[in-house]
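What follows is each chain in one-letter form.
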Amino acid sequence: MGAMREELHLLVDELPESRVLPVLALVRENVSSSRRREKAAVALEGIRNRMRGVTGVDEELDRLRDEPRG
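Residues numbered from 1 in each chain as written. Predicted model: local features only at pLDDT ≥ 70, side-chain atom pairs only at ≥ 80, totals over all residues. Heavy atoms only, no water.

Section: the overall build of the protein chain
Here comes step 1: The helix and strand inventory of the protein chain stands at three helices and zero strands.
Here comes step 2: Reading the helices (α) and strands (β) of the protein chain from amino to carboxyl end gives α-α-α.
Here comes step 3: Over its C-alpha atoms the protein chain spans a radius of gyration of 19 Å, topping by over 25% the 11 Å that the globule rule assigns to 70 residues.
Here comes step 4: Along the three orthogonal principal directions, the C-alpha set of the protein chain runs to about 55 × 30 × 15 Å.
Here comes step 5: Residue burial in the protein chain is summarised as follows: out of 70 residues, 7% are buried. (Helix = DSSP H or I, 4+ residues; strand = E, 2+ residues; numbered from the N terminus. Rg over C-alpha atoms; globule rule 2.2 N^0.38 Å. Buried < 20%, exposed > 50% of the residue type's maximum accessible area, 1.4 Å probe, protein only.)

This is the structure we're talking about:
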């Protein structure tokens, strides 16, 4: 186990039981969000490959990938 994961385990072990659930929810949301971003990146790359050679597509896909989400 890496040093940061070990530190995380140690810190979680120090939390009072009442604080574990909110931390767990935060970690779950972060993992879920990360998976969604990975799936979206794969989908955009597939679109980019299908649209290769069409004028303006690369720039538009880059804009969609990089713009902030609300």
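Quick look at the confidence of the model for the protein chain
Here comes step 1: Averaged over all residues, the pLDDT of the protein chain equals 87, while 99% of them reach at least 70.
Here comes step 2: Confidence, expressed as mean pLDDT per element, reaches its minimum in the protein chain at helix α3 (residues 57-66) with 80 and its maximum at helix α1 (residues 3-14) with 92. (pLDDT = per-residue confidence, 0-100.)

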